[in-house]
Amino acid sequence: MSEYASQYVIAVPHSHLSPDLILDAPAGTDDFLVVFGDDTEARAQLLHDDAGRPVLRVGGYMTSQGTVIAEQLWSVREAARHGDRLRLRIGRSLP
């Protein structure tokens, strides 16, 4: 993966997201790629709900074991900028 491409990637050590997971996201964009620990990937977008709170939409994907994960919307409990990266602590999955 090129250095340019890696700027738009969030690496997750697991095959799925879970509450309280901290994501190290690129700060310069709201659209990026999540690469999971089993080498599967999904597109993600940082959005805002009607009240202006950040939420993370993660597209559907299939794990390497064949489990289908539907598109999910996650609350973001905390967001803190660190240079050119944004640390996001995700909350619960939203309906």
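Anything mentioned here points back to the structure above.
Residues numbered from 1 in each chain as written. Predicted model: local features only at pLDDT ≥ 70, side-chain atom pairs only at ≥ 80, totals over all residues. Heavy atoms only, no water.

With respect to the element layout, Ala80 can be found in strand β8 (residues 72-82). For Ala80, a relative accessible area of 34% corresponds to the partly exposed category. Sequence separation between Ala80 and Ser64 is 16 residues; the distance between their C-alpha atoms is 31 Å. When neighbours within four sequence positions are excluded, Ala80 is seen to be in contact with Arg85, Leu86 and Arg87. (Helix = DSSP H or I, 4+ residues; strand = E, 2+ residues; numbered from the N terminus. Buried < 20%, exposed > 50% of the residue type's maximum accessible area, 1.4 Å probe, protein only. Contact = heavy atoms within 4.5 Å.)

Attention now goes to the sheet that holds strand β4 (residues 41-48). One open sheet accounts for 7 strands, arranged β1-β3-β4-β5-β8-β9-β2; its pairing is mixed. At either end of the open sheet lies a strand with only one pairing partner, and these are β1 (9-11) and β2 (22-26). Across the sheet, the mean angle separating the axes of adjacent strands is 40° when strand polarity is ignored. Two elements, strand β3 (residues 31-35) and β4, share 5 bridges in a ladder whose sense is antiparallel. Each bridged residue has a counterpart across the sheet, and for Leu33 the counterpart in β4 is Arg43. (Pairing = 2+ DSSP bridges. Axes fitted to C-alpha atoms, helices over the stretch in contact; angles between N-to-C directions.)

Before going further, it helps to spend a moment on the packing of aromatic side chains. Scanning the model with the defined rule gives 1 aromatic pair in all. Ring geometry for Phe36 and Tyr61: centres 4.3 Å apart, planes at 15°, overall stacked. With a gap of 25 residues between them, Phe36 in the loop between β3 and β4 and Tyr61 in strand β6 (residues 61-62) connect regions that are remote in the sequence. The exposure classification of Phe36 matches that of Tyr61, with both residues buried. (Phe/Tyr/Trp six-rings, centres within 6.5 Å; stacked < 30°, edge-to-face > 60°.)

Val12, Leu17, Leu23 and Leu56 are the most contacted members of the largest nonpolar core, which has 21 residues in total. Those elements that provide at least two residues to this core are β2, β3, β4, β5 (54-58), β8 and β9 (85-94). Excluding residues within four positions of it along the chain, Leu56 makes contact with Leu23, Phe32, Ala44, Gln45, Leu46, Gln72, Leu73, Trp74, Val76 and Ile90. (Core = buried A, V, L, I, M, F, W, Y, C linked by side-chain atoms within 4.5 Å.)

Attention now moves to the side chain of Asp38. Mapping Asp38 onto the fold places it in the loop between β3 and β4. Buried within the structure, Asp38 lacks any salt-bridge partner; Arg85 is the closest side chain of opposite charge, at an N-O distance of 17 Å. At a separation of 2.6 Å, a polar atom in the side chain of Asp38 contacts the side chain of Thr40. (Lys, Arg positive; Asp, Glu negative; His and termini not counted. Salt bridge = Lys/Arg side-chain N within 4 Å of Asp/Glu carboxyl O. Polar contact = N/O pair within 3.5 Å; in protein donor to acceptor, adjacent residues only side chain to side chain.)

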